[in-house]
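A look at the structure
One letter stands for each residue in the lines below.
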Amino acid sequence: MLHDERAAAPATASIVPDWEQVRGRVGEPGWAQDTLEAVREDFEFWQSHLRPPGPDQVSAWTHHYFCDDDGEPLRFDPGSPDEHVCPTCGRAYRGEPWDGAWRTRMHNMAAAQAQRAALLARLDRDEDRRRSAADALAEIVDRYACDYGSYALHGVNVGHGRVLPQNLDESVWAIGLLRSVRWAGPLLAESTRAATRRLAGEIAAVLAPQLGMIHNIHCWLVAALAECAVAIGDEELLSTVTEGPFGARNQILEGFHPEGLWFEVNPHYHFYAVNALLSFVEVAGPGALADEHAERLLRAVQAPARLAYSDGRVPAYGDGWPNSFLGDFAQTAEVASRLLPGASARLASSYLGDAPAPVELWFGAGRVSGPSPERDGRYSVGAMVFGADSLPGTDDGVTPASFVWPGPGIGVLRSPLARLAMRFGPDAGWHDHHDKLSVDVECGGWRSLDLGTSGYGADITVWMRSQAAHNLLVVGERQQPRHAGVLVHADDRSLVAQSSWNGAEVRRSLHLTASGWTDEMEVAGVPGTALEWLFHGDGTIIAPAGPVIDLPSDDLGHGWLADVRSLTVLEGIVTVTWDHPDAPVLRLAVPPGWTAYRACAPANPTGLPLGVIAVRGLTQGATTLRATFTREGSHA
């Protein structure tokens, strides 16, 4: 399926598809032919809609391209560069930064179109269409090569780019262009390949001085600079991005915990780093990684499936898109199954999803599809050019087990009734929500999920990052600082961890029972310290409610709660459930003098109302809060 093509750097053997074999695959009816047809349909659409902004139009951060009210991504309309509408609520946005974010989206569309053109130049059966596709690729590359130096160097949050607004976006865009030229190879005129080498040198001059961290963003810099190094034959640069202090090898060994999870914890950034490093392997060749690096990168592809819920949803810990499923990362597994030693097609089988989705390019930027139809199963460029002809079955019927990962500090308990997870590990950096000892739960079809985030520029992300948006304990009416917790005990049915913050030591104990689970918090702190225990789940809270309570609009997230009403505490017990057929009954024992309330909150990833219960009071020095969750049948 794969063979080596010597690139400009003599010591490097990039991995490229075996185009003859891929042509045979797409020539037969089936998933591969469907994939190429979708690529062709999207290519034809974008040929008439692609309008790359020129050097006089500055790009902006795409995290601004989200609705402030509901967190939905704005509709990208290629014919509407100055009006941007939320598809959910209809709110329209005009001016900056949304216009600039639209331009970023259009530049990414150009890089995506370059990949479509390279694929069609290689694989289309019609000679005229192949030639037309090669011409379209040359036009895109020649245009950027001519204008690149005229784009103003600018940046936001993470470094600078010329065409794009930061070094991350510049790297992803550059990989899209340079990979496409590498794939097309001799089908392009020497003038275009010379222009590509010139462009690669200019991109490297922008990106190389900015490489300097172990971070998902710098994994993309590594991959982009590897593409540049191979294009221009710069062995020194390739050595730096392979073996240097922030090169691919150290990104793998220092960035991934031994269990395989990326240090920023949430699966979105985990797979983002994995995709960048697989892109590096593709261009630098398999010999760029020693055994220990390849083995850990393979574990990185395998690990997230162990965290998933029963329907394949992957928890959105910290900053990450909340509606992520294993099937969303199937292309990653397809590519890894062929690029990494020791991997097999079975790896891709474990990620294959059944939710219809647009055809996916092997490209780092999201939302670059066109009008081609959605379909399920294998439907990606990565599968088409790198995957196996067919996938073996999975080990269905195997019950996932409880486990603990000490490195990232995550423990998962599983029983026939419930899946419980608690996070207690080291701080995960900028994307950490500072929610140590928070838990997330699955009980039948009922969920209590981590909410993840929306676009970082959207107002609603303030809520999703807040303390009140998590199932945790607020100490001293302050947010948690950056800190780490520790594992105290774990077995197949119990998980105990502890941490200290804001002057209190907190120990949380989860235990599976025959009818559900228990959740106990023991708090030791200065007498008189304010504590608040919060828990949320699918549906509206069912419990006798009292008067409306006005909560402050503080930085803990209380201002986002709606319909806040007091609850009755009877003999030290608060009893509630949710109006969901699989919801458990919660009985929470609280100290004397504590109060309770329930509320509704936004941004539940399941789309259902998010019912919140909270209890609050003052510690007397040593305080215990014991919650019992019991599955007692339907409560709807």
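This write-up is about the structure you can find in this document. None of these values were measured; they are calculated from a predicted model.

A look at the overall build of the protein
Scanning the protein from N- to C-terminus turns up 16 helices and 25 strands. Expected size for 636 residues packed as a compact globule is a radius of gyration near 26 Å; at 26 Å, the protein falls within 12% of this value. In terms of principal-axis extent, the alpha carbons of the protein reach across some 85 × 50 × 45 Å. Across the 636 residues of the protein, 59% fall into the buried class. Relative to all contacts within the protein whose residues are 6 or more apart in sequence, the contacts with residues 24 or more apart total 67%. Considering the protein, the positive charge centre built from 50 side chains and the negative charge centre built from 79 side chains are found 2 Å apart.

Looking at the sheet that holds strand E24 (residues 610-618)
Taken in spatial order, the 6 strands line up as E12-E17-E24-E23-E20-E19 in an open sheet, and their pairing is antiparallel. Strands with a single pairing partner mark the edges of an open sheet, and in this sheet they are strand E12 (473-475) and strand E19 (545-548). In this sheet, adjacent strand axes meet at a mean angle of 30° when their direction is disregarded. One ladder, built from 4 bridges, connects strand E20 (residues 562-567) with strand E23 (residues 595-601); its direction is antiparallel. Within E23, the position partnered with Ala 562 by the bridge is Cys 600.

Observations regarding the pairing of strand E21 (residues 573-578)
As a general feature of sheets, a regular strand has side chains that alternate between the two faces. Strand direction decides the pairing type here: strand E18 (residues 541-542) and E21, joined by 2 bridges, are antiparallel. Bridge pairing in E21 links Ile 542 to Thr 577. Both E21 and strand E22 (residues 585-589) contribute to a ladder of 4 bridges, which runs antiparallel. The residue of E22 that forms the bridge with Val 576 is Leu 586.

Considering the sheet that holds E21
Reading across the sheet, the 8 strands line up as E13-E14-E15-E16-E25-E22-E21-E18 and stay open at both edges, with antiparallel pairing between neighbours. One side of each edge strand has no neighbouring strand; the edge strands of this open sheet are strand E13 (486-490) and E18. Here 4 bridges tie E13 to strand E14 (residues 494-501), and the two strands are oriented antiparallel to one another. Counterpart to His 489 in the pairing with E14 is Val 496.

Some remarks on the pattern of salt bridges
This model, assessed by the stated rule, comprises 32 salt bridges. The partner of Arg 103 in a salt bridge is Glu 96, and the shortest N-O contact between them spans 3.1 Å. Overall, the relative accessible area of 48% leaves Glu 96 in the partly exposed class. Taking the shortest distance from any N to any O, the salt bridge between Arg 616 and Glu 532 comes out at 3.6 Å. Remark: Glu 532 occurs in strand E17 (residues 530-538) and Arg 616 occurs in strand E24; sequence separation between them is 84 residues. Residue class for Glu 532 comes out buried when judged on its relative accessible area of 5%. Shared partners join several salt bridges into a network, and the residues in it are Glu 37, Arg 40, Asp 124 and Arg 129.

Points about unusual backbone geometry
Cis peptide bonds are those with omega within 30 degrees of zero, and the linkage from Glu 96 to Pro 97 qualifies with 10°. Following the sequence through the fold, Pro 97 ends up in the loop between strand E4 (92-93) and helix H3 (98-123). Here Arg 367, not a glycine, exhibits a phi torsion of approximately 55°, which is positive. Inspection of the secondary structure puts Arg 367 in the loop between helix H14 (345-349) and helix H15 (381-386). Phi at Asn 502 takes a positive value of approximately 50°, unusual for a residue other than glycine. Within the element layout of this structure, Asn 502 appears in the loop between E14 and strand E15 (504-512).

A few points about the packing of helix H2 (residues 31-49) against H3
Angle between the axes and distance between the axes: these two values describe a pair of packed helices. Between H2 and H3, the shortest axis-to-axis distance is 9 Å and the interhelical angle comes to 130°. Overall, the two elements H2 and H3 adopt an arrangement that is oblique. The handedness of the crossing between H2 and H3 comes out as left-handed. Across the interface between the two elements, Leu 36, Val 39, Arg 40, Asp 42, Phe 43, Trp 46, Gln 47 and His 49 from H2 touch Met 106, Met 109, Gln 113, Arg 116, Ala 117, Leu 119, Leu 120 and Leu 123 from H3.

Let's talk about the nonpolar core
Judged by nonpolar contacts, the single largest core of 131 residues is most densely connected at Trp 173 and Phe 280. It is H3 that contributes the most residues to this core, 15 residues altogether. Those residues in contact with Trp 173, other than ones at most four positions away along the chain, are His 107, Asn 108, Ala 111, Tyr 144, Tyr 148, Val 163, Leu 164 and Ile 203. Within the second largest apolar cluster, 41 residues are counted, among which are Leu 495, Ala 504, Leu 567 and Ile 613.

Focus: helix H1 (residues 19-26)
Restricting attention to buried positions, one finds in H1 the residues Trp 19, Val 22, Arg 25 and Val 26. Taken around the axis of H1, the buried residues stretch over an arc of 115°, which confines them to a single face. On its buried face, H1 is in contact with strand E2 (13-17), H2, H3, helix H5 (167-184) and H15.

What counts and how
Residues numbered from 1 in each chain as written. Predicted model: local features only at pLDDT ≥ 70, side-chain atom pairs only at ≥ 80, totals over all residues. Heavy atoms only, no water. Helix = DSSP H or I, 4+ residues; strand = E, 2+ residues; numbered from the N terminus. Rg over C-alpha atoms; globule rule 2.2 N^0.38 Å. Buried < 20%, exposed > 50% of the residue type's maximum accessible area, 1.4 Å probe, protein only. Contact = heavy atoms within 4.5 Å. Lys, Arg positive; Asp, Glu negative; His and termini not counted. Charge placed at Lys NZ, Arg CZ, Asp CG, Glu CD. Pairing = 2+ DSSP bridges. Axes fitted to C-alpha atoms, helices over the stretch in contact; angles between N-to-C directions. Salt bridge = Lys/Arg side-chain N within 4 Å of Asp/Glu carboxyl O. Parallel < 35°, antiparallel > 145°, perpendicular 65-115°, else oblique. Left-handed = near helix turned anticlockwise from the far one by under 90°. Core = buried A, V, L, I, M, F, W, Y, C linked by side-chain atoms within 4.5 Å. Arc of directions from axis to C-beta.

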